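Chain and residue survey
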Amino acid sequence: MENLVIFGDSYSTYEGYIPEKHAIYYPKLDVTDVENTWWKKFIKKSGYNLILNDSWSGSTICYTG
């Protein structure tokens, strides 16, 4: 099994899945279950082992958040 580390932006965050002091974006709006995040879907499909999600929420990609 391959390991995976995510260094992402707002859309890669989820409360309880990133370092404690990092700002979160989700769960908000339409993603209210971690299983619906892009990275959880990718992990489930690919079979990777997530060892760290080091994402931080700032401004969103489209800056409408």
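Note that the structure is a prediction, hence the values are computed from the model and not measured.

Reading the values: rules and limits
- Residues numbered from 1 in each chain as written.
- Predicted model: local features only at pLDDT ≥ 70, side-chain atom pairs only at ≥ 80, totals over all residues.
- Heavy atoms only, no water.
- Helix = DSSP H or I, 4+ residues; strand = E, 2+ residues; numbered from the N terminus.
- Buried < 20%, exposed > 50% of the residue type's maximum accessible area, 1.4 Å probe, protein only.
- Contact = heavy atoms within 4.5 Å.
- Areas by Shrake-Rupley, 256 points an atom, 1.4 Å probe, with all protein chains shown as cover.
- Polar contact = N/O pair within 3.5 Å; in protein donor to acceptor, adjacent residues only side chain to side chain.
- Pairing = 2+ DSSP bridges.
- Right-handed = clockwise from strand over helix to strand, strands pointing away.
- Core = buried A, V, L, I, M, F, W, Y, C linked by side-chain atoms within 4.5 Å.
- Phe/Tyr/Trp six-rings, centres within 6.5 Å; stacked < 30°, edge-to-face > 60°.
- Patch = residues over 30% accessible without salt bridge, like charges linked within 9 Å, V, L, I, M, F, W, Y side chains within 5 Å.
- Salt bridge = Lys/Arg side-chain N within 4 Å of Asp/Glu carboxyl O.

1. Side note on the overall build of the protein chain
- Of regular secondary structure, the protein chain possesses 1 helix and 2 strands.
- Shown N-terminal to C-terminal, the secondary structure of the protein chain runs as helices and strands in the order β-α-β.
- Here the protein chain, with 65 residues, has 28% of them falling under the buried criterion.
- Summarising the internal contacts of the protein chain: among those between residues at least 6 apart in sequence, 67% fall at separations of at least 24.
- Summing over all exposed atoms, the protein chain offers an accessible surface of approximately 4600 Å²; the carbon and sulfur share of this is 53%.

2. Observations regarding the side chain of Ser12
- Relative to the assigned elements, Ser12 resides in the loop between strand E1 (3-6) and helix H1 (38-46).
- A distance of 3.3 Å separates a polar atom in the side chain of Ser12 from a polar atom in the side chain of Trp38.

3. Re the pairing of E1
- Residues Leu4 and Ile6 point to one face of E1 and are all buried, whereas Asn3 and Val5, pointing to the other face, are not buried.
- Summarising the sheet, E1 and strand E2 (residues 49-53) pair through 4 bridges and their orientation is parallel. Looking at the pairing, Ile6 lines up with Asn53 of E2.
- A crossover links E1 with its parallel partner E2, the connecting element being H1, and its sense is right-handed.

4. Topic: the nonpolar core
- Listed in full, the 9 residues of the largest apolar core are Leu4, Ile6, Tyr14, Tyr25, Tyr26, Val31, Val34, Trp39 and Ile43.
- Elements that contribute at least two residues to this core include exactly E1 and H1.
- Residues in contact with Tyr26, not counting those within four places in the same chain, are Ser10, Tyr11, Thr13, Tyr14, Glu15 and Val31.

5. Structural notes on the packing of aromatic side chains
- Taken as a whole and assessed by the stated rule, the structure comprises 6 aromatic pairs.
- Ring centres of Tyr25 and Tyr26 lie 4.8 Å apart, and the angle between their planes is 75 degrees; this geometry places the pair in the edge-to-face category. Of the two residues, Tyr25 and Tyr26, neither departs from the other in class, the shared state being buried.
- Three or more aromatic residues joined by ring pairs make a cluster, and in this case those are Tyr11, Tyr25 and Tyr26.

6. Thoughts on a nonpolar patch on the surface
- On the surface, Val5, Phe7, Ile51 and Leu52 cluster together to form a nonpolar patch covering roughly 380 Å² of accessible area.
- Within the secondary structure layout, Phe7 lies in the loop between E1 and H1.
- Owing to a relative accessible area of 65%, Phe7 belongs among the exposed residues under this scheme.

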